[in-house]
Amino acid sequence: MKKLSFFVIILMAFSLSAQENKKSKDSLEYDYIIIKGDSVVRTSIDLDEVIIFDRLKFESREERLKYYILKRKTLKVYPYAKLAAERLTELNNRLEKIEKKSRRKKYTRIIQKYIEEEFSAELKKLTRTEGQILVKLIHRQTGKTAFKLVKELRSGWRAFWYNTTAKAFKISLKREYHPESVEEDYLIEDILQRAFAVDRLEKQVSALDFDYVTLSNKWSSRTVDKN
C-alpha cells in the first residue's frame, strides 16, 4: 500500500491567454471587396480545428497489445495529472492573495488534508508503470517535474527522499515528457489526442510547447524510413 502514496503530495502542489480580438465560435468575420465602385460583403465563419487521425498500424500482434495496454493505463491516470494542474493553479492563485506566512501554511495544510482524504486510496492502487506515466503527464500538464513540485512544496531533502523511495519501485519523479524524441511519450500523446477528439477525456491544454500534427508527421516519417 505504500508504493505510490507519495503521489498524494504531488497532487497537493497541483489558459491560453485570451487575445485582444478574440472571436466566439459562432462569430462571423466581415470584410469587403470593392468591384467597380460597389462594395460586396464577404463573410467567413471561424471553425474549430479538426484533426484527421491516421489509421493505427502495427507491425505485430505484440506491438498492438503493447499499444492497447499503454492506452488503458494512460486513460486511467490522465485525470489525476489534469487535477494536478488544476490544483497547482488554484493553490498559486489563492496563495498570491494571502499575505501572512502563517495563513499561507495553514491553507496549504488544508489542501493537503483534502487531497489525502479524497484521492490517496485511489493513487495507492496504481501500478509502477501507471505511476511512471502519471509522472510524465504531470510534467505535461504543469510544465514541472513531480520532483520539482514536491521540492517547492516541501523541501529539497523531502523531494530527494521521495525520489529515492520511488526509485525502489523503478519510478523517477524527475522524469519529463518528451513526445518529440521519446516514442512511448508520442504514443501517449496520440492516445490522449484521440481520446480528446471523441470526448472520452476532457481536454486540458498542455503546459509544454509542442504541436501534435507536427509530431505525428515526424513519427510517421520515421516509420516509413524503417520500412
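Here's what I pulled together on the structure shown here. (Residues numbered from 1 in each chain as written. Predicted model: local features only at pLDDT ≥ 70, side-chain atom pairs only at ≥ 80, totals over all residues. Heavy atoms only, no water.)

Re the nonpolar core
- Of all hydrophobic cores here, the largest spans 25 residues; its most connected members are Leu 134, Leu 137, Ile 188, Leu 192 and Leu 201.
- At nine residues, helix α2 (residues 61-97) tops the list of elements feeding residues into this core.
- Counting residues in hydrophobic clusters, the runner-up holds nine residues, among them Ala 146, Ala 159, Ala 166 and Ile 171. (Core = buried A, V, L, I, M, F, W, Y, C linked by side-chain atoms within 4.5 Å. Buried < 20%, exposed > 50% of the residue type's maximum accessible area, 1.4 Å probe, protein only. Helix = DSSP H or I, 4+ residues; strand = E, 2+ residues; numbered from the N terminus.)

Re the environment of Gln 193
- You can see Gln 193 is positioned in helix α7 (residues 183-197).
- Judged by relative accessible area, Gln 193 falls into the buried class, the value being 10%.
- Along the primary structure Gln 193 and Ile 51 are separated by 142 residues, whereas in three dimensions their C-alpha atoms are 8.9 Å apart.
- If near-sequence neighbours (up to four positions away) are discounted, Gln 193 is found in contact with Ile 51, Phe 53, Arg 140, Lys 203 and Tyr 212. (Contact = heavy atoms within 4.5 Å.)

Quick look at the pattern of salt bridges
- With the rule as written, the count across this model stands at nine salt bridges.
- The partner of Glu 86 in a salt bridge is Lys 82, with the nearest N and O atoms 2.4 Å apart. Here Glu 86 and its partner Lys 82 are both found in helix α2, four residues apart, which amounts to about one turn of the helix.
- Between Arg 87 and Glu 90 there is a salt bridge, with its nearest N and O atoms 3.3 Å apart. With Arg 87 and Glu 90 both in helix α2 and three residues apart, this pair spans about one turn of that helix.
- Judged by relative accessible area, which is 14%, Arg 87 ranks as buried. (Salt bridge = Lys/Arg side-chain N within 4 Å of Asp/Glu carboxyl O.)

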